[in-house]
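Tertiary structure, described
Residue strings, one per chain:
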Amino acid sequence: MNFNRSGHAVCTYASRFVFASGSGYDFAQAATAECFNPETDKWTRIPDLNIARYHHSSCSVSDTIYVFCGGNQSGYTSTIERFDLHDQLSGWLLIHITS
């Protein structure tokens, strides 16, 4: 990894890439995200999350990575962000949840 992390989330995509997001060292929230390609043995930065977070969850569905909830300097957040792997220039898009 390019950044020390703890309390971060990790998910896989297509059994090839591992994505790590959020949380810096010593549980400081972070917005950074990166992916690992086992074929090249390298971590690569991808766009930062919109909301820094730690102790969150992530998963991949189809060609999209999702990051859920977690904590940050304001407390806990119920926000969700998604990252389209075919439109990486758009970065992470915030999904607004309505009750």
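Residues numbered from 1 in each chain as written. Predicted model: local features only at pLDDT ≥ 70, side-chain atom pairs only at ≥ 80, totals over all residues. Heavy atoms only, no water.

1. A short note on the nonpolar core
Definition in use: Among the buried residues, those of types Ala, Val, Leu, Ile, Met, Phe, Trp, Tyr and Cys that are joined through side-chain atoms within 4.5 Å form a nonpolar core. The rule is simple: take the accessible area with a 1.4 Å probe, protein chains only, and divide by the maximum for that residue type; under 20% is buried, over 50% is exposed, in between is partly exposed. A run of DSSP states H or I qualifies as a helix once it reaches four residues; a run of E qualifies as a strand once it reaches two. Both are numbered from the N-terminal end. Contact between two residues is taken to exist if any of their heavy atoms lie within 4.5 Å; hydrogens are not considered.
Ranked by internal contacts, the top residues of the largest apolar core, which has 13 residues, are Tyr-13, Ile-46, Leu-49, Ile-65, Phe-83, Leu-85 and Trp-92. When residues of this core are traced back to their parent elements, those giving at least two are strand S1 (9–13), strand S3 (33–37) and strand S6 (64–68). Phe-83 has contacts with Ile-46, Pro-47, Asp-63, Thr-64, Ile-65, Gln-88, Gly-91 and Trp-92, leaving out every residue within four places of it along the chain.

2. Let's talk about the pattern of salt bridges
In plain terms, the rule: Salt bridge, as used here: a side-chain nitrogen of Lys or Arg that lies within 4 Å of a carboxyl oxygen of Asp or Glu.
Following the criterion strictly, the structure yields 2 salt bridges and no others. For Arg-45, the salt bridge goes to Asp-48, with nearest N and O atoms at 2.5 Å. As a salt-bridge pair, Glu-81 and Arg-53 come within 2.9 Å of each other at their nearest N and O atoms. Taken together, the positions of Glu-81 in strand S9 (residues 80–84) and Arg-53 in the loop between strand S4 (42–46) and strand S5 (57–61) put the pair 28 residues apart, joining distant regions of the chain. No difference in accessibility class separates Glu-81 from Arg-53, as the two residues are buried.

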